[in-house]
Amino acid sequence: MEQSWKNGDFVDHYNKIYSMKNDQIANYLECLSLNSDDVFIDFGCGNGDMLFEASKIVKLAAGLDMSEDQLELAKEKTKGCANVQLIKSDFLSYNPGDLIFSKASARKSLHHLTDDEKVRFIGKIAPFFKKDSLFLMEDGIFTFDRSETEEKLPQIMSEAEVYYNRKWQNIKEDFTHCILHEFPTGINLWEKAFASGGFEIINRHHITCFYARIIAKKVV
Ligand SMILES: C[S@@+](CC[C@H](N)C(=O)[O-])C[C@H]1O[C@@H](n2cnc3c(N)ncnc32)[C@H](O)[C@@H]1O
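Thresholds, definitions, all that
Residues numbered from 1 in each chain as written. Predicted model: local features only at pLDDT ≥ 70, side-chain atom pairs only at ≥ 80, totals over all residues. Near = placed C-beta within 6 Å. Nonpolar A, V, L, I, M, F, W, Y, C, P; charged D, E, K, R; others polar. Pairing = 2+ DSSP bridges. Helix = DSSP H or I, 4+ residues; strand = E, 2+ residues; numbered from the N terminus. Axes fitted to C-alpha atoms, helices over the stretch in contact; angles between N-to-C directions. Core = buried A, V, L, I, M, F, W, Y, C linked by C-beta atoms within 7 Å. Buried ≥ 20, exposed ≤ 12 C-beta atoms within 10 Å, placed from the backbone. Contact = placed C-beta atoms within 7 Å. Right-handed = clockwise from strand over helix to strand, strands pointing away. Expected span 1.5 Å × (residues − 1). Bend = angle between axes of the 7 residues up to and from the residue. Parallel < 35°, antiparallel > 145°, perpendicular 65-115°, else oblique. Left-handed = near helix turned anticlockwise from the far one by under 90°.

Description of the site of the ligand
Neighbouring the ligand are 17 residues; Trp5, Gly44, Gly46, Ser67 and His112 lie closest to it. Its residues placed into classes, the shell around the ligand shows six nonpolar, seven polar and four charged.

Quick look at the sheet that holds strand 2 (residues 60-65)
Neighbouring strands of a sheet are bound in pairs by backbone hydrogen bonds; such pairs are parallel or else antiparallel. Read from one edge of the open sheet, seven strands run 3-2-1-4-5-9-8, paired in mixed fashion. Here the strands that pair on one side only, and so sit at the sheet edges, are strand 3 (84-88) and strand 8 (199-206). For this sheet, the mean angle separating the axes of adjacent strands, direction not counted, is 15°. Relative to strand 9 (residues 212-218), strand 5 (residues 129-139) runs antiparallel, the two being bridged by six bridges.

Some thoughts on the nonpolar core
Judged by nonpolar contacts, the single largest core of 49 residues is most densely connected at Phe40, Leu51, Ala54 and Ala104. By residue number, the principal contributor to this core is strand 5, which donates five residues. For Phe40, the contacting residues outside a window of four places in its chain are Leu34, Ala54, Val58, Leu60, Ala61, Ala62, Phe101, Lys103 and Ala104.

Here's the deal with the pairing of strand 3
Here strand 2 runs beside strand 3; their pairing, made up of five bridges, is parallel. Counted as the bridge partner of Gly63 is Leu86 from strand 3. Handedness of the crossover joining strand 2 and strand 3 through helix 4 (residues 68-77): right-handed.

Examining helix 6 (residues 149-164)
With 16 residues, helix 6 extends only 19 Å from end C-alpha to end C-alpha; this falls clearly short of the ideal 22 Å at 1.5 Å per step. Bending of helix 6 peaks at approximately 35° at the position of Gln155. Positioned one or two residues after helix 6, Asn165 has a phi angle of 55°, which is positive.

Considering the environment of Tyr163
Positionally, Tyr163 belongs in helix 6. The exposure class of Tyr163 is partly exposed, given the 15 C-beta atoms found within 10 Å. Expressed as a C-alpha distance, the spacing of Tyr163 and Ile207, which sit 44 residues apart in the sequence, is 8.7 Å.

What about the packing of helix 5 (residues 115-125) against helix 8 (residues 187-196)?
Running from N to C, helix 5 and helix 8 cross one another at 30°; their axes reach a closest spacing of 7 Å. Considering the angle they form, helix 5 stands roughly parallel to helix 8. Crossing of helix 5 against helix 8: the hand is right-handed. For the pair formed by helix 5 and helix 8, the contact residues are Asp115, Lys118, Val119, Ile122 and Gly123 on the first element and Leu189, Lys192, Ala193, Phe194 and Ser196 on the second.

Here's the deal with the packing of helix 6 against helix 7 (residues 168-181)
Between helix 6 and helix 7, whose axes approach to 11 Å, the crossing angle comes to 155°. Considering the angle they form, helix 6 stands roughly antiparallel to helix 7. The way helix 6 lies across helix 7 gives a crossing that is right-handed. Contacts between helix 6 and helix 7 pair Thr149, Ile156, Ala160, Glu161 and Tyr164 from the former with Trp168, Ile171, Phe175 and Ile179 from the latter.

Details of the environment of Asn165
By secondary structure assignment, the location of Asn165 is in the loop between helix 6 and helix 7. C-alpha of Asn165 to C-alpha of Ile17: the two residues are 148 residues apart in sequence and 13 Å apart in space.

Looking at unusual backbone geometry
One non-glycine residue, Lys108, lies in the positive phi region at around 55°. Topologically, Lys108 is positioned in the loop between strand 4 (101-107) and helix 5. Judged by local crowding, Lys108 falls into the partly exposed class, with 18 C-beta atoms found within 10 Å. The phi torsion at Asp132 lies on the positive side, around 75°, for a residue other than glycine. Relative to the helices and strands, Asp132 resides in strand 5. For Asp132, a count of 9 C-beta atoms within 10 Å gives the class exposed.

What follows is the structure, given as structure tokens:
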């Protein structure tokens, strides 16, 4: 199957296998301590599940995605939520205008940018985050440098088999494609990217050697 966000079958396949259950979303969003003053953005909001949960708490919940199919699902999911704004854009072209964010999330989305693009993206959106803002990310983040991917492949694959457990046979192909042909990268690159925008990584949890949840705080 063509792994493209323009391919409706792939979008369905992704959402069926990788969508988070409500309790997982609640556990994830807890890291951001969302409150009613927050202006929140979900970069790569996909089908809108996370946006919907965040919108119950925050002042404004913006969801950005470049996929028409995903945004259609997000629109349906957040129908009637007056504080939700859906934005069709790719990450690098996005201009928030007069929005100033206090909280952000990007789950399994920013690995679609190359390492240079990640640095550019954080630098570009940073001015739209106020001091002390939190940016939560969960994605393909290696404990090692991206240049070591090939050498670390046996370790990655064996940890993935254990981590995904019964789902593994079903997702092995997507996973391998992501590791080899998309741009998961080292925590060192993310430190550099966030630092370039005035953020500091204040919390990191490596679930495996290839996947982590991190929180960056805007310190300037
Ligand atoms: C793997 S899905 C993650 C969706 C959701 N965040 C989740 O946790 O299930 C990646 C999402 O990022 C979007 N995406 C990928 N590259 C993008 C880009 N360059 N600009 C904007 N959205 C992008 C895709 O359309 C897709 O909805």
